[in-house]
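One-letter residues, chain by chain:
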Amino acid sequence: SELIRGFLLSGMPCPSSCPPGLLALMAPGLALMATFSLPSQAGDRRALPVEKPPGVKGRTLILLDVNTKSPVRIISENFLSLQLDPSIIHDGWLDFLSIAEIVPLLKGVSNLFFNISLLVSVTPRAVRTKSQEISRGGPGMCLAISLFSFPFAVDIVRSDIALDKQKGCKIAQHPDIMLELQREKAAQMHLVLLKEQFSNTYSNLTLTARSLDKLYNFADCSGLHLIFALNALRRNPNNSWNSSNALSLLKYSASKKYNISWELGNEPNNYRTLMGRSVNGSQLGKDYTQLRSLLQLIRTYSRAHLYGPNIGRPRKNVVAFLEGFMKVAGGTVDAVTWQHYYIDGQVAKVTDFLKTRLLDTLSDQIRKIQKVVNTYTPGKKIWLEGVGMTSAGGMNNLSDSYAAGFLWLNTLGLLASQGIDVVVRHSFLDHGHNHLVDQNFNPLPDYWLSLLYKRLIGPKVLAIHVAGLQRKPRPGRVIRDKLRIYAHCTSYHNHNYVRGSITLYIINLHRSRKKIKLAGTLRDKIVHQYLLQPYGKDGLHSKSVQLNGQPLAMVDDGTLPELKPRPLRAGRTLVIPPLTMSFYVVKNVNALACRYR
């Protein structure tokens, strides 16, 4: 199994009348086309509008066509993957993962990498139980299904009772009172973790063999692949990596025949800030080479995947770190990884999620990472392994609201169009407000957005061509697109659509509706609309969504609702309401690029 972690405009003729803004957008590597109006600073401060009543015409008719002959990018089947916050071990949620309410939610977005990391204190310590100790901990150990991790001190010990790999998967049942007590415990732990985060002091955490068994069995039963980030901050006096802890863990996992992929550390460029100890890129590269040698000594993991270095935002010093790493270990890793968080979750406002300048920050990071990787290992796969809409745990009614979806869907479109193989979303369930599912196991807006993406979007990315009313940029100004359109072949796993169908997904950040007329190969085709809008009086702050006017909610604890499209007659103009996200499946296009895997 593979890990869970998760348009280029080229070859499309442009008429001579194309304005400079459109020509600029057609440069290789750019992933989107849009209407082209200049957002005003004042506009971002205005009160959010109410949608125009039916019958009010939009000012622009946009003509849209797609190149159906060949894809411009092909990304991983596991492109959209999820992280599990390490707080689940700290606050007790690990014991409740394999319950009827959670497993179906993950199976709904199957084909993922699932990654986990453990957040604990700096000082390594030996922890013993009545049974034999199997390892000593240090900062930086992560567990992977696709999970986000900070540097941690983690101790792995053999428990009195280790779980054998289950014969089949059993869904756990817990009384309601136990779940309520767990929620209270998690809420108290949330306050402790926030205090630790802001003081950069972390408490020790003991990870028992039983905990590892529970985590692996949960991942396995949910159809996920585990990625485990080993502790990179256990150091010898000469600052080389002390691999004794890792070797113990590798041997234990191999004895259980656990199918795991591996990493070493997390955000190594921040070790000095977080832990008072630094490791440069060259040294970490040597450490990865050492880890690869260890894996090859253990038969179970001789061909295991290895990912890294999982650096932070590529500022100047971080780019230099990555260069040092790639010189030494570029050929050792199977994919190069980095992380990105858009804004400080403690100061964010809802209008921030509507700013195109913020949406475009990721594009510059992609170019920086690709430049370094292609210099040393051309063609090496790149993952964004850890992305959240906000940092610092996020904000209630904001980073877990409908508004955050604009950043999330644009992230998916932009990464796919620029050839990033996997994106790992932080987080599925955690103590903050960046998660997809809350602690009552209610899916939040970004979960429904992710579910639609997994159901409708295939790995082949298609180029689009847009014609419409466009403005020329004023001197010194950049046109930033408030209507963002992406196109893929429809997922082969969706049996409601024959191969050759195409799926568009559209973000409208305008405060007015927009009209799109399908042209060329898409003309006069039946279209299925999946329009996501906020549900309830909270508007963009809402934690509930409606699909084509019907609120989305679980049917019962273990059953997802049917995602029913709204069929549009052939040739009908697509009307995109303001401040919305939507998917459109264009049926029976018989696109050559989409007929075969």
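What counts, and at which threshold
- Residues numbered from 1 in each chain as written.
- Predicted model: local features only at pLDDT ≥ 70, side-chain atom pairs only at ≥ 80, totals over all residues.
- Heavy atoms only, no water.
- Helix = DSSP H or I, 4+ residues; strand = E, 2+ residues; numbered from the N terminus.
- Buried < 20%, exposed > 50% of the residue type's maximum accessible area, 1.4 Å probe, protein only.
- Areas by Shrake-Rupley, 256 points an atom, 1.4 Å probe, with all protein chains shown as cover.
- Pairing = 2+ DSSP bridges.
- 1 Å grid on protein atoms, 1.4 Å probe; cavity = no way out; pocket = protein on both sides within 12 Å on 5 of 7 lines; lining within 4 Å.
- Points joined across faces, edges and corners; volume = space filled by probe spheres on them.
- Nonpolar A, V, L, I, M, F, W, Y, C, P; charged D, E, K, R; others polar.
- Salt bridge = Lys/Arg side-chain N within 4 Å of Asp/Glu carboxyl O.
- Core = buried A, V, L, I, M, F, W, Y, C linked by side-chain atoms within 4.5 Å.
- Contact = heavy atoms within 4.5 Å.
- pLDDT = per-residue confidence, 0-100.
- Phe/Tyr/Trp six-rings, centres within 6.5 Å; stacked < 30°, edge-to-face > 60°.
- Expected span 1.5 Å × (residues − 1).
- Axes fitted to C-alpha atoms, helices over the stretch in contact; angles between N-to-C directions.
- Parallel < 35°, antiparallel > 145°, perpendicular 65-115°, else oblique.
- Left-handed = near helix turned anticlockwise from the far one by under 90°.
- Patch = residues over 30% accessible without salt bridge, like charges linked within 9 Å, V, L, I, M, F, W, Y side chains within 5 Å.
- Disulfide = S-S within 2.5 Å.

**Brief notes about the overall build of the protein chain**
Here is step 1 of the chain: What the protein chain contains, in helices and strands, is 14 helices and 25 strands.
Here is step 2 of the chain: The burial tally for the protein chain puts 62% of its 597 residues in the buried class.
Here is step 3 of the chain: Accessible surface, the protein chain as shown: approximately 23,400 Å² in total, 51% of it carbon and sulfur.

**Re the pairing of strand β14 (residues 422-425)**
Here is step 1 of the chain: Alternating positions in β14 separate into two faces, V422 and V424 on one and V423 and R425 on the other, with burial throughout.
Here is step 2 of the chain: Across 3 bridges, strand β3 (residues 80-82) lies against β14 in parallel orientation. If you follow S81 over to β14, its bridge partner there is V424.

**Concerning the layout of surface pockets**
Here is step 1 of the chain: Considering only enclosed or pocket space, the second largest pocket measures out at about 510 Å³ in volume.
Here is step 2 of the chain: Lining of the second largest pocket is provided by 29 residues; of these, K454, R455, L456, S491 and N494 occupy positions nearest its centre.
Here is step 3 of the chain: Sorting the residues of the lining of the second largest pocket by element identifies α14 (445-456), β15 (457-462) and β20 (527-534) as the ones contributing at least two each.
Here is step 4 of the chain: Here the lining of the second largest pocket gets 5 residues from one element, more than from any other, and that element is α14.
Here is step 5 of the chain: Across the lining of the second largest pocket, the residue classes break down as 13 nonpolar, 11 polar and 5 charged.

**Thoughts on the pattern of salt bridges**
Here is step 1 of the chain: The final tally for this structure, using the stated rule, is 10 salt bridges.
Here is step 2 of the chain: Where D352 meets K349, a salt bridge forms, and the shortest distance between an N and an O atom there is 3.8 Å.
Here is step 3 of the chain: Look at D352 and you get buried, because its relative accessible area is 11%.
Here is step 4 of the chain: Taking the relative accessible area as the measure of exposure, K349 reaches 45% and is therefore partly exposed.
Here is step 5 of the chain: With a shortest N-O distance of 3.5 Å, D364 and K368 are connected by a salt bridge. Here K368 and D364 lie together in helix α12 (residues 361-376), a separation of 4 residues that amounts to about one turn.
Here is step 6 of the chain: In this structure D364 comes out as partly exposed when scored by relative accessible area, which is 34%.

**Considering the nonpolar core**
Note on soluble globular proteins: their nonpolar side chains tend to be buried together.
Here is step 1 of the chain: Counting 124 residues, the largest nonpolar core has W262, Y301, W338, Y453 and F583 as the members making the most contacts within it.
Here is step 2 of the chain: By residue number, the principal contributor to this core is helix α13 (residues 404-417), which donates 9 residues.
Here is step 3 of the chain: Not counting residues within four places of it along the chain, the set of residues in contact with F583 comprises L409, L449, L452, Y453, L456, I457, T503, L504, Y505, H528, Q529 and Y530.
Here is step 4 of the chain: Listed in part, the 26 residues of the second largest apolar core include V66, L518, V586 and V589.

**Notes on the confidence of the model for the protein chain**
Here is step 1 of the chain: On average, the protein chain scores 77 in pLDDT, and the residues at 70 or more come to 71%.
Here is step 2 of the chain: Of the regions scoring below 50 in pLDDT, residues 1-58 engages in 183 contacts with residues more than four places distant in sequence or in other chains.

**With respect to empty space enclosed by the protein**
Here is step 1 of the chain: A volume near 60 Å³ is recorded for the largest cavity.
Here is step 2 of the chain: K517, L518, L522, R523, D524, K525, V527, R569, G571 and R572 together form the lining of the largest cavity.
Here is step 3 of the chain: By volume, the second largest cavity amounts to about 40 Å³.
Here is step 4 of the chain: Around the second largest cavity sit T490, S491, Y492, Y497, V498, R499, G500, S501 and C594, which together line it.
Here is step 5 of the chain: Class assignment for the residues of the lining of the second largest cavity results in 4 nonpolar, 4 polar and 1 charged.

**Things to note about the packing of aromatic side chains**
Here is step 1 of the chain: One pass over the full model with this rule turns up 11 aromatic pairs.
Here is step 2 of the chain: For the pair Y216 and Y258, a centre-to-centre distance of 4.0 Å together with 20° between the ring planes defines the contact as stacked. Taken as a pair, Y216 in helix α6 (residues 209-221) and Y258 in the loop between α7 (244-255) and β10 (260-264) lie far apart in primary sequence, 42 residues in all. The residues Y216 and Y258 share a single accessibility class, namely buried.
Here is step 3 of the chain: Ring centres of Y505 and F583 lie 5.9 Å apart, and the angle between their planes is 25°; on these two criteria the pair is classed as stacked. Placement of the pair is Y505 in strand β18 (residues 502-508) and F583 in strand β25 (residues 580-586), with a sequence separation of 78 residues. F583 matches Y505 in its accessibility class, with the two residues each being buried.

**Details of α14**
Here is step 1 of the chain: With 12 residues, α14 ought to run about 16 Å at 1.5 Å a step, and its terminal C-alpha atoms sit 17 Å apart, in line with that.
Here is step 2 of the chain: Judged by how many residues are buried, α14 sits mostly within the fold: 11 of 12 residues are covered.

**Some remarks on the packing of α13 against α14**
Here is step 1 of the chain: Orientation of α13 relative to α14, taken along the N-to-C sense of each, is 30°, at an axis distance of 9 Å. By the angle between their directions, the pair α13 and α14 is classed as roughly parallel. The hand of the α13/α14 crossing is right-handed. Contacts between α13 and α14 involve A404, G405, W408, L409, L412 and A416 from the first element and D446, L449, S450 and Y453 from the second.

**Quick look at a nonpolar patch on the surface**
Here is step 1 of the chain: Taken together, the side chains of I177, M178 and L181 make up a nonpolar region of the molecular surface, amounting to roughly 290 Å² of accessible area.
Here is step 2 of the chain: Note on placement: M178 falls in helix α5 (residues 176-199).

**Concerning α6**
Here is step 1 of the chain: For α6, which comprises 13 residues, the first-to-last C-alpha distance of 18 Å matches the rise-based estimate of 18 Å (1.5 Å per residue) to within 8%.
Here is step 2 of the chain: The buried fraction of α6 amounts to 10 of the 13 residues, a majority that puts the element mostly inside the structure.
Here is step 3 of the chain: Once α6 ends, the next one or two residues include G223, with phi positive near 75°.

**Quick word on the state of the cysteines**
Here is step 1 of the chain: Going through the model one piece at a time under the given rule, you end up with 1 disulfide.
Here is step 2 of the chain: There is a disulfide in this structure between C489 and C594, and the S-S distance comes to 2.0 Å. The sign of the S-S torsion, about -75°, decides the handedness of the disulfide formed by C489 and C594: left-handed. Highlighted residues: C489 in strand β17 (residues 483-490) and C594 in the segment after β25, separated in sequence by 105 residues.

**Remarks on the sheet that holds strand β19 (residues 514-518)**
Here is step 1 of the chain: Ordered in space as β16-β1-β19-β24, the 4 strands form an open sheet in which the pairing is mixed. Either end of the sheet is taken by a strand with one partner, and the two such strands are β16 (464-467) and β24 (574-576). On average, adjacent strands in this sheet sit at an angle of 30° to one another, irrespective of strand direction.
Here is step 2 of the chain: Summarising the sheet, β19 and β24 pair through 3 bridges and their orientation is antiparallel.

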